[in-house]
Amino acid sequence: MATKKMTERVNLIDTFKDFKETKNIDRTTLVSVIEDSFRSVLQKTYGSDENFDVIVNPDKGDFEIYRNRVVVADGHVENENAEISLSDAQKIDPDFEEGEEVSEKIEFAKFGRRAILTLRQTMASKILDLEHDNLYNKYADKVGQIVSGEVYQIWKREMLLLDDEGNELLLPKSEQIPGDFFRKGETARAIVLRVDNLNNNPKIILSRTSPDFLRRLLEQEVPEINDGLITVQRIARIPGERAKIAVESYNERIDPVGACVGVKGSRIHGIVRELHNENIDVINYTSNIKLFIQRSLNPAAVSSITLDEEKKKAEVYLQPDQVSLAIGKNGDNIKLASMLTGYTIDVFRELNGEEPDEEDIYLDEFSDEIEPWIIEQIKGIGLDTAKSVLSAPRAMLVEKADLEEDTVDEVLRVLKAEFED
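Overview of the structure. It should be emphasised that the depicted structure is a prediction, and the values quoted were computed from it without experimental measurement. (Residues numbered from 1 in each chain as written. Predicted model: local features only at pLDDT ≥ 70, side-chain atom pairs only at ≥ 80, totals over all residues. Heavy atoms only, no water.)

Below, the discussion takes up the sheet that holds strand β15 (residues 344-349). In a beta sheet, neighbouring strands are held together by backbone hydrogen bonds and run either parallel or antiparallel to one another. With mixed pairing, the three strands of this open sheet are ordered in space as β13-β14-β15. Here the strands that pair on one side only, and so sit at the sheet edges, are β13 (302-308) and β15. Averaged over all adjacent pairs, the angle separating strand axes in this sheet is 20°, with direction ignored. Sheet analysis places strand β14 (residues 313-318) next to β15, joined by six bridges and oriented parallel. Across the sheet, L318 pairs through a bridge with R349, a residue of β15. The sheet contacts of helix α10 (residues 320-327) involve β14 and β15, and relative to β15 the element is tilted by about 155°. (Pairing = 2+ DSSP bridges. Helix = DSSP H or I, 4+ residues; strand = E, 2+ residues; numbered from the N terminus. Axes fitted to C-alpha atoms, helices over the stretch in contact; angles between N-to-C directions. Contact = heavy atoms within 4.5 Å.)

Take a look at the structure:
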């Protein structure tokens, strides 16, 4: 029996040692958790823990439990948990008298293996809850900030990273930049997108595609932004392809665009490498919306702009040779300009009163072969003649005009046939 008690005692001390080494939990909180765990077992055993003192010393892996009861005359014990008969008290110490308080040390090992197992399970549950709370609070405060982690596991839909404390961070495939390729053991950077906490089981979700990731990278590379001398007003991104950034300085002596780009692009190059050669345009922000739209369509030269502020729409007129520049490869330039300014932008060819190329034909003249709504979709991206459509990238027609591939192919067939004839 003595050996059994000793084994159980050792098991309890080992339990304390396990929890003593638990990360991110201070000593005071740990003592409180262990004490609460003991009291939980005492409540189940005695129905109440009110008359017990629990003294915990996690540094030594030791504890003591005392049961406090008032001495009453024999035969007058009404609450065995709060009272003890005189004869039973005098078995502990012959000098006890009625009305005195007896503080009796309780050997927890006598409670049995089930109580010890319950204690361990209760402690484990409380410690786990504390760890989850600490993890949630730590990363909830870091939402929108850059963190680093070591790549631990790579799956088809997500990647698992571990931070310096071994906490798990998830980087979903949808939040990775196209072209991202990491090996196990490498370090990856991303921002904390959100912290889910379903059933007190926090999941830290990271992102490398969020505009805020680019914003934080800029803050790290450009001291003037971090010091508040330059403000990043707006960011629009097509991750891994292209981005536009609008910056502003309230100090006339500081060129915000030049400061962000750096000498010979020294500051922006590091960010471009991190984003897998994402092409980054930096422009001066202005509250003048016409001028802002004009700058956002760079490198295209805009002739004139008509605004509908209520509908947040802008009609932009350009010389024919500037239309493709405004639209950009796969429509990226005009898409980013719309995202940056918040306006739906439609581009139109400006003919300055001249007739189009005698060999060219307006799209409206094909209304008997091409449905009018399709013609309007194509004209909406600034292509209003047959040759302008035939010279545009097929992918741009599909994506920017929002047409099915079969529809685009049929339009191209009709237009080509006209000139072949």
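Mapped onto the secondary structure, Q176 falls in the loop between β7 (168-172) and β8 (187-198). Apart from residues lying up to four places away in sequence, Q176 is in contact with E158, M159, L171 and T209.

Per the stated rule, a full pass over the model turns up three aromatic pairs. Geometrically, the ring pair formed by Y285 and F292 is edge-to-face, given 5.1 Å between the ring centres and 70° between the ring planes. Overall, F292 belongs to the buried group, its relative accessible area being 1%. Each ring, one from Y317 and one from F348, has its centre 5.3 Å from the other, and the planes form 25°; the classification is stacked. In this pair, Y317 is assigned in strand β14 and F348 in strand β15, connecting sequence segments 31 residues apart. Judged by relative accessible area, which is 24%, Y317 ranks as partly exposed. (Phe/Tyr/Trp six-rings, centres within 6.5 Å; stacked < 30°, edge-to-face > 60°. Buried < 20%, exposed > 50% of the residue type's maximum accessible area, 1.4 Å probe, protein only.)

What follows is about the sheet that holds strand β10 (residues 230-238). What the three strands build is an open sheet, ordered β10-β11-β12; its pairing is mixed. Whereas interior strands pair on both sides, the edge strands pair on one side only; in this sheet they are β10 and β12 (279-284). Neighbour-to-neighbour, the strand axes of this sheet turn through a mean angle of 20°, independent of strand direction. In the sheet, β10 pairs with strand β11 (residues 242-249) via eight bridges, with the strands oriented antiparallel.

With an omega of 20°, the peptide bond between N298 and P299 qualifies as cis. Within the secondary structure, P299 is located in the loop between α9 (289-296) and β13. Of note, the phi angle at N200 is positive, near 55°, even though the residue is not glycine. The class of N200 is partly exposed, set by a relative accessible area of 23%.

Okay, a negative patch on the surface next. Together, D74, D93, D95, E97, E98 and E100 make up a region of like negative charge exposed at the surface. Inspection of the secondary structure assignment puts D95 in the loop between α3 (86-92) and β4 (101-106). (Patch = residues over 30% accessible without salt bridge, like charges linked within 9 Å, V, L, I, M, F, W, Y side chains within 5 Å. Areas by Shrake-Rupley, 256 points an atom, 1.4 Å probe, with all protein chains shown as cover. Salt bridge = Lys/Arg side-chain N within 4 Å of Asp/Glu carboxyl O. Lys, Arg positive; Asp, Glu negative; His and termini not counted. Charge placed at Lys NZ, Arg CZ, Asp CG, Glu CD.)

What follows is about the environment of V77. On the secondary structure map, V77 appears in the loop between β2 (62-72) and β3 (83-85). Filtering out sequence-adjacent residues up to four positions away, V77 remains in contact with V72, E83, I84 and S85.

Moving on to the pairing of strand β6 (residues 158-162). Here is the key point about a regular strand: its side chains alternate between the two faces of the sheet. Strand direction decides the pairing type here: strand β5 (residues 146-154) and β6, joined by four bridges, are antiparallel. Bridging from a neighbouring strand, V151 pairs with L161 of β6. Connecting β5 to the antiparallel partner β6 that follows it, the hairpin turn spans three residues. With five bridges connecting them, β6 and β7 associate as antiparallel partners. Residue M159 lies in a different strand from β7, and its bridge partner there is L171.

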